[in-house]
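# Report on the structure
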Amino acid sequence: LRKNVEDFTGPRERSDLGFVTFDITADILNEKNGLQTFRNESTSIIFDWNVKQLFLYLSAEYSTKNNALNQVVLWDKIMLRGDNPRLSLKDMKSKYFFFDDGNGLKGNRNITLTLSWNVVPNAGILPLVTGSGHVSVPFPDTYETTKSY
């Protein structure tokens, strides 16, 4: 679903606002559903003694005629030690607005959604891990219109 709405944060032009409903099925610890297995050198699982939590996020990447690369975070979740590392989420809505600074979503056929996560350690560096599974989503050529009451 995509609308063309007033963007009051910038110039007084209309911008595309995307609404995405998605399912996520992922096993962070194992190589299921196309996601990477992340293990340290001693081959212990991702939650070793130095891992406090994981910061998971779903991002959308796409290109427009104005920008070669656009990246937008649509959803995120903090996974604590002891939480179930297997995600099975259905009919999820974007947690954050999916605004384009123009009309780059209309008819865009290559919007790629990727699940990534940061390992939040108790001490040390903050590594970024990107899942190997991603999906490309085409957006429609027309805008959704709503009634104004």
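Per-chain numbering applies: the sequence of each chain, read as written, is numbered from 1 onward. Per-residue local features of the predicted model are confined to residues with pLDDT of at least 70, and side-chain atom pairs are confined, for both listing and counting, to 80 or more; whole-chain, interface and lining totals are unaffected and use all residues. Computation of side-chain values covers all heavy atoms of the structure but excludes hydrogens and water.

Looking at an unreviewed UniProt entry, the chain carries the name Signal peptidase complex subunit 3, with the source organism given as Struthidea cinerea. According to UniProt, the comment filed for the chain under the heading Subcellular location (unreviewed entry) is "Endoplasmic reticulum membrane". Check the Sequence similarities (unreviewed entry) section of the UniProt entry for the chain; it says "Belongs to the SPCS3 family." UniProt positions are given in the numbering used here, feature names are shortened, and annotations may be inferred rather than shown by experiment.

## What to know about the pattern of salt bridges
By salt bridge we mean one thing: a side-chain nitrogen of Lys or Arg within 4 Å of a carboxyl oxygen of Asp or Glu. Under the counting rule described, the total for this entry stands at three salt bridges. In this structure, the salt-bridge partner of Arg86 is Asp27, at a minimum N-O distance of 3.4 Å. In this pair, Arg86 is assigned in strand S6 (residues 86–93) and Asp27 in strand S3 (residues 21–27), connecting sequence segments 59 residues apart. For Arg86, a relative accessible area of 46% corresponds to the partly exposed category. For Lys95, the salt bridge identified is with Asp76, shortest N-O distance 2.6 Å. Taken together, the positions of Lys95 in the loop between S6 and strand S7 (98–100) and Asp76 in strand S5 (residues 70–80) put the pair 19 residues apart, joining distant regions of the chain. Residue Lys95 is classed as partly exposed on the basis of its relative accessible area of 49%. Helix and strand assignments come from DSSP, with helices taken as H or I runs of at least 4 residues and strands as E runs of at least 2, each series counted from the N terminus. Only protein chains enter the calculation, and the probe is 1.4 Å; a residue is then buried if its accessible area is under 20% of its type maximum, exposed if over 50%, and partly exposed in between.

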